[in-house]
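Structural overview for review
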Amino acid sequence: MMNDNNISNEKTGRVKSSALRRMGFSSKADFICEIVLILVIFILMLTCILPFVHLLSKSISSDVYVNAKQVYFIPKGVTFGAYLSLIEDGKLVKSLVYTVYMTLIFTILGMIVCTCAAYPLSRKNLKGRGFITFILMIPMYFNAGLIPNYLLMKKLNLLDSMWVLILPLIFSSYNMLIMKTYFQSNIPDELEEAAFLDGANNLQILWKIVLPLSKPILATLSLFYAVGRWNAYADAKYYIKDQAKMPLQLILSKMVSSATDASTMSLEAVVNTTTPEVLQAAAIMFVTIPIICVYPFLQKYFVKGVMVGAVKG
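Keep in mind it's a predicted model, so treat the numbers as computed, not measured. (Residues numbered from 1 in each chain as written. Predicted model: local features only at pLDDT ≥ 70, side-chain atom pairs only at ≥ 80, totals over all residues. Heavy atoms only, no water.)

**Quick look at the overall build of the protein**
For the protein, the count of helices and strands is 15 helices and zero strands. Every one of the 313 residues in the protein was classed for burial, and the buried ones make up 34%. For the protein, the share of sequence-separated contacts (at least 6 apart) that also reach a separation of at least 24 residues comes to 71%. As presented, the protein carries roughly 19000 Å² of accessible surface, and 67% of it is formed by carbon and sulfur atoms. (Helix = DSSP H or I, 4+ residues; strand = E, 2+ residues; numbered from the N terminus. Buried < 20%, exposed > 50% of the residue type's maximum accessible area, 1.4 Å probe, protein only. Contact = heavy atoms within 4.5 Å. Areas by Shrake-Rupley, 256 points an atom, 1.4 Å probe, with all protein chains shown as cover.)

**Some words on the confidence of the model for the protein**
Residue-level pLDDT values for the protein average 79, and 80% of them are 70 or greater. pLDDT under 50 marks residues 260-272. Its contacts with residues more than four places away, or in other chains, come to 22 contacts. (pLDDT = per-residue confidence, 0-100.)

**Things to note about the pattern of salt bridges**
All chains considered together, the criterion is met by four salt bridges. As a salt-bridge pair, Asp 235 and Arg 229 come within 2.8 Å of each other at their nearest N and O atoms. Members of the salt-bridge network, linked through shared partners, are Arg 123, Lys 124, Asp 189 and Glu 192. (Salt bridge = Lys/Arg side-chain N within 4 Å of Asp/Glu carboxyl O.)

**A closer look at the environment of Leu 158**
Within the element layout of this structure, Leu 158 appears in the loop between helix 7 (146-155) and helix 8 (173-186). Note on Leu 158: relative accessible area 14%, which makes it buried. With sequence-adjacent residues up to four places away left out, Leu 158 is seen in contact with Met 153, Trp 163 and Val 164.

**Considering the packing of helix 5 (residues 91-122) against helix 11 (residues 215-231)**
Two numbers describe how helix 5 lies on helix 11: the axes approach to 9 Å, and their chain directions differ by 135°. The angle between the axes of helix 5 and helix 11 places the two elements in the oblique class. The interaxial crossing formed by helix 5 with helix 11 has right-handed handedness. Counted together, Leu 96, Thr 99, Val 100, Met 102, Thr 103, Phe 106, Thr 107, Gly 110, Met 111, Cys 114 and Thr 115 of helix 5 and Leu 218, Leu 221, Ser 222, Tyr 225, Ala 226, Arg 229 and Trp 230 of helix 11 form the full contact between these two elements. (Axes fitted to C-alpha atoms, helices over the stretch in contact; angles between N-to-C directions. Parallel < 35°, antiparallel > 145°, perpendicular 65-115°, else oblique. Left-handed = near helix turned anticlockwise from the far one by under 90°.)

**Here's the deal with the packing of aromatic side chains**
If you walk through the whole model with that rule in mind, you get four aromatic pairs. With centroids separated by 6.5 Å and ring planes inclined at 45°, the aromatic side chains of Phe 80 and Tyr 83 adopt a geometry described as tilted. Taking 6.2 Å as the distance between ring centres and 80° as the angle between the ring planes, the aromatic pair formed by Tyr 119 and Phe 183 counts as edge-to-face. Of this pair, Tyr 119 sits in helix 5 while Phe 183 sits in helix 8; the two residues are 64 residues apart in sequence, bridging distant segments of the chain. The pair Tyr 119 / Phe 183 is uniform in exposure class, with both members buried. Above the face of the Phe 106 ring, Arg 229 is positioned so that its terminal group lies 6.0 Å from the ring centre. (Phe/Tyr/Trp six-rings, centres within 6.5 Å; stacked < 30°, edge-to-face > 60°. Lys NZ or Arg CZ within 6 Å of the ring centre and 35° of its normal.)

**Describing the nonpolar core**
Of all hydrophobic cores here, the largest spans 58 residues; its most connected members are Leu 92 and Phe 183. Looking at this core, the elements with two or more residues in it are helix 4 (81-89), helix 5, helix 8, helix 10 (202-210), helix 11, helix 12 (234-239), helix 13 (248-257) and helix 15 (276-305). When residues in this core are grouped by element, the largest group, 12 residues, is from helix 5. Setting aside anything within four residues of it in sequence, one finds Leu 92 in contact with Leu 86, Leu 248, Ile 251, Met 255, Ala 283 and Phe 286. (Core = buried A, V, L, I, M, F, W, Y, C linked by side-chain atoms within 4.5 Å.)

So, in structure tokens, the structure goes:
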């Protein structure tokens, strides 16, 4: 009887092991680890998605349910009054157009500057490239501070202009280092040598050979630049006083921090038609959705390009 039970248990164990192997797991411990990892990733995913769903539900729910704290993840009394109020008021719409325009210019100029710095430093025949790289990396760790920067912007007559939000930040040491590493790791020196033999100069090599082969890193860094500028508001808080030139995030920050005082944002017409809490949720969604819509078009390049940071350059 004991032998029969042992044989049965062995057969059951072999069947389970075979099933695990068919699923791609070498042992039961690997299967358990995989389940734990999936659960952790799922929980992390929920921490990202649920706040977004909560705000979306509040933004399209009736004021009565929101004030009664009855709205969590499912909207109640669905209405788009808050969005219509924001659009009719016009200030956020104008700021949205202005911020998109500024972000596009910032991203284009940033990528040009980053490429012009990264490509020469990735070439082995550039003399002193190690020292130049070291100098360019210093701003990544040290800066003059807020007051000297403000005095410099004032001296350059950049205060209260769009360019004060663009020019100081278009060069990023971190982005330059990532692009330089990508060029060194993925663009063979033989391509450059062959192009030189065919009579191409450095600009032609960069434009016709290097950049077409660098779409992943270009998409990744473009997203870094765009998201960074889109979400930033601290510099605008210090340098911009004219409300017409304030980026969207600064207006949203002021709206959230002083939602009970409509006069500070000149949004009396909006607050008269909806409550501050619903208005906040609608404004946050209004600001967040545009940048989210950009990501799907760059995702296939972003996933590949973001791994460059793990490659030693």
